Amino acid sequence: MEGGAYGAGKAGGAFDPHTLVRQPHTILRVVSWVFSIVVFGSIVNEGYLNNNSGGEKFCIYNRNPSACSYGVAVGVLAFLTCLLYLALDVYFPQISSVKDRKKAVLSDIGVSAFWAFLWFVGFCFLANQWQVSKPKDNPMNEGTDAARAAITFSFFSIFTWSLTAALAVRRFKDLTFQEEYSTLFPASAQP
């Protein structure tokens, strides 16, 4: 383990984008961000079809507007959450208090686990509604690739958010070790 990686020893340094981009949790956040764009973009662009009898639109997932609304809402909110935590990743090296760092990492654990759960629910919901969709509702198979893409990237998002939570747990353990080490050996903790 690299000494002082999470404590006050490296806080306040200059922003290094190269180091930020190489961190696994940052890479996973960017991937999750892209996946959320694919999910809500697919549903917004091709998730609604025109009704044959009138100009009214309906959701491609078994004519269930809740399925499309859930997919768009989770996608947009995940997009915003990724941006928020990317900003926290940029700001994290500037936080000098171990207690504040622990709070940030604990929130990362909770939020990432929550989003993994929401994506699991979204995947199950969209896949179920897609499975029970009637072919007569979409005889020309319009938007089927977009609907499948939203389902697929919802599935992938479960793993990216779960891995982000796992990395945050590891980060929390490193912070806890750093805090305990600084408490036990205050003279050697100073650089």
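Quantities reported herein were computed from a predicted structural model and do not represent experimental measurements.

Student: How do you make sense of the UniProt feature "transmembrane region" (unreviewed entry) in the protein chain when you look at a structure like this?
Tutor: On the UniProt side, "transmembrane region" (unreviewed entry) is annotated at positions that read residues 30–49, 69–88, 109–130 and 150–169 here. Overall, residues 69–88 shows 100% helix and 0% strand. The separation of its end C-alpha atoms is 28 Å. Between the end C-alpha atoms of residues 150–169 the distance is 28 Å, and the span holds 100% helix and 0% strand.

Student: Please explain the state of the cysteines as it appears in this structure.
Tutor: Simply put, the disulfide is a covalent bond whose two ends are the sulfur atoms of two cysteines. If you walk through the whole model with that rule in mind, you get one disulfide. Note on cysteine connectivity: Cys-59 is disulfide-linked to Cys-68, with sulfurs 2.0 Å apart. Judged by the sign of its S-S torsion, about 85 degrees, the bond between Cys-59 and Cys-68 is right-handed. Each member of the pair Cys-59 and Cys-68 is classed as buried.

Student: Help me understand the side chain of His-25 in this model?
Tutor: Locating His-25 in the fold gives a position in helix α2 (residues 24–46). On the basis of relative accessibility, which here comes to 11%, the residue His-25 falls in the buried class. The residues touching His-25, leaving out its near neighbours within four places in the chain, are Asp-89, Leu-167 and Arg-171.

About the thresholds
- Residues numbered from 1 in each chain as written.
- Predicted model: local features only at pLDDT ≥ 70, side-chain atom pairs only at ≥ 80, totals over all residues.
- Heavy atoms only, no water.
- UniProt positions renumbered as here; feature names shortened; annotations may be inferred.
- Helix = DSSP H or I, 4+ residues; strand = E, 2+ residues; numbered from the N terminus.
- Disulfide = S-S within 2.5 Å.
- Buried < 20%, exposed > 50% of the residue type's maximum accessible area, 1.4 Å probe, protein only.
- Contact = heavy atoms within 4.5 Å.

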